[in-house]
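Residues per chain, in single letters:
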Amino acid sequence: MAAPEVLWYIIPREGHYPWEPAGRRPADLGYLQQLASTVERLGYTGALLATDQYDVWTLGSALAAATGPGFKPLLAVHPGLVSPTLLAKMALSFEHLHGAGRLRFNVVNGSTTQLREYGLNVEHDDRYRLSAEYWSVVKRLTSGEVFDHRGEFFRLDNAGGSLRDLPPLHEGHIPLWFGGSSDPGIEMAAEHVDVYLTWGEAPHLLKEKLERVRERAAAYGRTLRLGLRLHLIVRDTEEQAWAAADRLLDVTSEQTYARQLGGARGEDGVGWQRQFRQHGGRVPAHARELEVHPNLWPGMSLFRPGPGTALVGSTQQVIERLKEFQALGVDTFILSGNPLLEEAYRVAETVLPALGAGSR
């Protein structure tokens, strides 16, 4: 198998278990720039910058300025919160200031409740129609086109005319990365995105989903790259890894469990629902009670938002599971581990060489 592309994860909530105040460490600008420089030096091809405490554009620019061309930020962006023309201007400005080919968009459709906070009132299926229209416009704008547009959600006159002084620095649009498990989400991905992302699931479930994605993309005459977002709890031995997972359960407060599980029950995203079904909202006495496939643990979603599936095991076991996912067609991994800085070293020194990735 060809070596996969491997990205790391950068978020200001850093520490051994940052969802709890006692498990956090300070993560100021200097620390985050150190983390980004480390990620680049270790041979990861960039990092996902999720929507969290800081605005991703501010954080992405700060990290890009402190790193070289090998660090390619993947910025999480909600479609529709800013005009497509303004987003294209932001993207082209980023590339002119920080270098061609470094920027990538992680399309985040969000939830109905989340988007209402920003004044965007669209229901689940409507979000995907809005997203499809929005990103089709952004792709044309970041490719240097000038055009008029009349759509369901946007009406643009002379779109791109104001961007003539910011021509694209490479052929094609800013790449789109996206994950969606519902039928509308898969359809939108098949028609518009470049890299389809998914959270971790048992291989037989993931195989079924990826086959649907390939089939729908082929209907549009397209082939997508396939990416997987996973947390890693990797240690020298399997026993040490599961002990580390048990430790996370032990240090998590009842308030965190109640907040996370209560919020997850109300999510309307199919991906969230698929993830929630893996543990059913049950907090086990021992982490391994939730193992849904060898070394595959959905327990991270019990206490932190976003992707909640981890690989838990020895170095060799984690490598075997990643190769198992590669055999399904996955060519890109977005990985993380807590703390982000120390685990970036651990994974780069133990796991990436066996995949043919990284710099070691």
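Data block above holds the structure.
Calculation rules
- Residues numbered from 1 in each chain as written.
- Predicted model: local features only at pLDDT ≥ 70, side-chain atom pairs only at ≥ 80, totals over all residues.
- Heavy atoms only, no water.
- Helix = DSSP H or I, 4+ residues; strand = E, 2+ residues; numbered from the N terminus.
- Axes fitted to C-alpha atoms, helices over the stretch in contact; angles between N-to-C directions.
- Parallel < 35°, antiparallel > 145°, perpendicular 65-115°, else oblique.
- Left-handed = near helix turned anticlockwise from the far one by under 90°.
- Contact = heavy atoms within 4.5 Å.
- Nonpolar A, V, L, I, M, F, W, Y, C, P; charged D, E, K, R; others polar.
- Phe/Tyr/Trp six-rings, centres within 6.5 Å; stacked < 30°, edge-to-face > 60°.
- Buried < 20%, exposed > 50% of the residue type's maximum accessible area, 1.4 Å probe, protein only.

With respect to unusual backbone geometry
Reasoning step 1: For the peptide bond that leads from Asn-338 to Pro-339, omega is -10 degrees, which places it in the cis range.
Reasoning step 2: Mapping Pro-339 onto the fold places it in the loop between strand S12 (332-336) and helix H12 (340-350).
Reasoning step 3: Its identity as a non-glycine residue notwithstanding, Asn-158 has a phi of 55 degrees, on the positive side.
Reasoning step 4: Its location among the elements puts Asn-158 in strand S6 (residues 155-159).
Reasoning step 5: Located in the positive-phi region is Asn-295, a residue other than glycine, with phi close to 70 degrees.
Reasoning step 6: Relative to the helices and strands, Asn-295 is located in the loop between helix H10 (270-279) and strand S10 (296-297).

Quick word on the packing of helix H6 (residues 183-192) against helix H7 (residues 203-219)
Think of two packed helices as two axes; the pair is described by the angle between the axes and how far apart they sit.
Reasoning step 1: One way to put it is that H6 packs onto H7 with a least axis distance of 8 Å and a crossing angle of 50 degrees. Regarding the angle of H6 to H7, the classification is oblique. Crossing of H6 over H7 shows right-handed handedness. Where H6 approaches H7, its residues Asp-183, Ile-186, Glu-187 and Ala-190 are matched on the opposing element by Arg-212, Val-213, Arg-216 and Ala-217.
Reasoning step 2: Residue composition of the contact of H6 with H7, grouped by class: 4 nonpolar, no polar and 4 charged.

Considerations on the packing of aromatic side chains
What characterises a pair of aromatic rings is the spacing of the ring centres plus the angle enclosed by the ring planes.
Reasoning step 1: Enumeration according to the criterion identifies 10 aromatic pairs in this entry.
Reasoning step 2: Aromatic pair Phe-105 and Trp-135: ring centres 5.3 Å apart, planes at 50 degrees, arrangement tilted. Within this pair, whereas Phe-105 is found in strand S4 (residues 104-107), its partner Trp-135 is found in helix H5 (residues 124-142), the two being separated by 30 residues in sequence.
Reasoning step 3: We classify Phe-105 as buried; its relative accessible area is 0%.
Reasoning step 4: With relative accessibility at 0%, the residue Trp-135 sits in the buried group.
Reasoning step 5: With a centroid separation of 5.2 Å and 85 degrees between ring planes, the pair formed by Tyr-134 and Trp-135 is classed as edge-to-face.
Reasoning step 6: Taken together, the ring pairs in this structure connect Trp-57, Phe-94, Phe-105, Tyr-134, Trp-135 and Phe-154 into an aromatic cluster.

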